[in-house]
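# Coordinate inspection notes
As a plain string of letters, each chain reads:
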Amino acid sequence: MRLLLIGDIVGKPGRQIVCRGLGPLVEREKLDLVVANGENAAGGSGITPAIYHELIAAGVDVVTLGDHIYRRAEVFDVLQKQSNILKPANFPAEAPGAEFAIVKAKNGVSCAVFSLLGRVFMRPVDCPFKAADRVLATLPAEVKVILLDFHGEATSDKQLMGRYLDGRVSAVLGTHTHVPTADECILPGGTAFQCDVGMTGPYHSILGRQIDRVLETTLTFTPSAFDVATGDVRLGGTIVDVDPQTGRATAIHRLVVCESELA
Ligand SMILES: [Fe+2]
Ligand SMILES: [Fe+2]
């Protein structure tokens, strides 16, 4: 079976390419489960209930988030009521949102999805390694296919998590940096790994935002609105093939879909 993790969806351009592109992509790549990181989906930061519903309608099965999860307060309601939009599992127990989701993939196999926030160059959070242990101990034994979105800044942190969970989950895939890494592999225990799956949004940008705004503020320290950029929109993510009997990954490959391919 095949899983896709779509990297951080940035603003309207990111949402639009998901809404236009995901249907044909599911057919072409024979995808059984689609997970998308939506932490930047609303104007570049946060997510709203309407955008959550838009992504689900487009074919996303589970929405993961990250450090920008609560930027839009109106999303609390969705986080509390829906089981397929997740907070990082190393957030406080009282923080709105589910720690993991168990969803039925297109082929009928139950899959677990969870996310964690890294601790290097990020806001202090609970230990992601201990939180991973806790989530895995909670999952029903019959759920073999498990995807982790590890939302972190440091490649070292992500490599450590990959090695820590090797053989215990199907995939450890990174998000948050908005830049895809070329290190995709299957670890010895059968876990698919990649430090970062990249961004879904405008690549003619600084991490999805308008270049001149970010540059001006960086050079002059004068605040400016970091509006979402518009050029060179791509859908970025990674596809993992998994043996549903064992939960072990058998293949991993990076995916980039450009706007021109959808014309
Ligand atoms: Fe992000
Ligand atoms: Fe992030």
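Read on for a plain summary of the structure. Along each chain, residues carry numbers from 1 onward, in the same order as the chain's sequence is written. Just so you know, chain letters begin at A and ligand numbers begin at 1, following the order they were written in. Note on the predicted model: pLDDT of at least 70 is required for a residue's local features to be given, and 80 or more for side-chain atom pairs to be given and counted; whole-chain, interface and lining totals, by contrast, use all residues. Heavy atoms throughout the structure, all of them, feed into the side-chain values; hydrogens and water do not.

### A few points about the coordination of the iron ion (ligand 2)
Coordinating donors are taken as N, O and S atoms within 2.8 Å of the metal, stretched to 3.2 Å for Na, K and Ca; because water is absent from the atoms, sites can appear incomplete. Here the iron ion (ligand 2) is held by the protein donor atoms E39 (OE), D67 (OD), H151 (NE2) and H176 (ND1), which lie 2.1 Å from it. Between the four donor atoms coordinating the iron ion (ligand 2), the angles at the centre fall across 86 to 144°, so the site counts as irregular. For the iron ion (ligand 2), the single-chain donor residues occur in sequence as E-x27-D-x83-H-x24-H. Between the iron ion (ligand 2) and the iron ion (ligand 1), the interatomic distance is 3.4 Å, and E39 donates to each metal, bridging them. Taken together, the residues E39 in the loop between β2 (33–37) and α2 (49–58) and H176 in the loop between β7 (171–175) and β8 (185–186) connect sequence positions 137 residues apart. An identical accessibility class is assigned to E39 and H176; each is buried. Tetrahedral means four donors with every angle between 85 and 135 degrees, whereas square planar (four donors) and octahedral (six donors) require angles over 155 degrees between opposite donors and between 65 and 115 for all others; sites fitting neither are termed irregular. Only DSSP runs of H or I with at least four residues qualify as helices, and only runs of E with at least two residues qualify as strands; both kinds are numbered from the N terminus onward. Accessibility here uses a 1.4 Å probe with only protein chains present; expressed as a share of the type maximum, an area under 20% marks a residue as buried, one over 50% as exposed, and anything in between as partly exposed.

### Here we look at a nonpolar patch on the surface
The patch calculation keeps residues exceeding 30% relative accessible area without a salt bridge and links them within 9 Å when they carry like charges or within 5 Å when they are nonpolar (Val, Leu, Ile, Met, Phe, Trp, Tyr). Areas reported as accessible are Shrake-Rupley estimates using a 1.4 Å probe. Residue values count occlusion only from the protein chains shown. Salt bridge, as used here: a side-chain nitrogen of Lys or Arg that lies within 4 Å of a carboxyl oxygen of Asp or Glu. Where nonpolar side chains cluster on the molecular surface, the patch consists of V179, I206, L207, I211, L215 and L219 and spans about 530 Å² of accessible area. Along the polypeptide, I211 turns up in helix α6 (residues 211–220). On the basis of relative accessible area, I211 is assigned to the partly exposed category, the value being 32%.

### Notes on the side chain of T177
Take T177: it is sitting in the loop between β7 and β8. Within 3.5 Å is the distance limit for a polar contact, defined as a pair of N or O atoms, with the added protein rule that one can donate a hydrogen and the other accept it, and that residues adjacent in sequence qualify only through two side-chain atoms. Polar contacts involving the side chain of T177 include one to the side chain of D196, which spans 2.9 Å.

### What to know about the pattern of salt bridges
This model, assessed by the stated rule, comprises 11 salt bridges. Where R2 meets D241, a salt bridge forms, and the shortest distance between an N and an O atom there is 2.6 Å. With R2 in strand β1 (residues 2–6) and D241 in strand β11 (residues 231–242), this pair connects stretches of sequence that are 239 residues apart. The pair formed by R2 and D241 is uniform in burial state, with each residue classed as buried. One continuous salt-bridge network, built from bridges that share partners, spans R2, R28, E29 and D241.

### What about the environment of V26?
Looking at the secondary structure, you find V26 in helix α1 (residues 11–29). In the structure, V26 is positioned 23 residues away from L3 in sequence and 9.9 Å away in space, judged by C-alpha atoms. It only takes one pair of heavy atoms within 4.5 Å for two residues to be counted as in contact. Setting aside residues no more than four positions away along its own chain, V26 makes contact with L31, V34 and K106.

### Let's talk about the nonpolar core
We define a nonpolar core as any set of buried Ala, Val, Leu, Ile, Met, Phe, Trp, Tyr and Cys residues linked to one another through side-chain atoms lying within 4.5 Å. Core analysis: the largest hydrophobic core is formed by 36 residues, its most contacted members being L4 and L22. For this core, the secondary structure elements donating two or more residues are β1, α1, β2, α2, α3 (76–81), β11 and β12 (249–258). In contact with L4, not counting residues within four places along its chain, are L22, L25, L31, L33, V34, V35, G237, T238, I239 and L255. Counting residues in each nonpolar core, the second largest holds 22 residues, with M1, L3, A105 and V240 among its members.

### Concerning the environment of Q194
If you trace the backbone, Q194 turns up in strand β9 (residues 192–194). Sequence separation of Q194 and G46 is 148 residues, and the distance between their C-alpha atoms is 24 Å. When residues no more than four places from it in sequence are discounted, the contact partners of Q194 are V172, L173, G174, T181, D183, E184, T238, I252 and R254. Within the structure, Q194 has its side chain in polar contact with the side chain of T238 (distance 2.5 Å).

No statement about biological role is implied by the geometric values presented.
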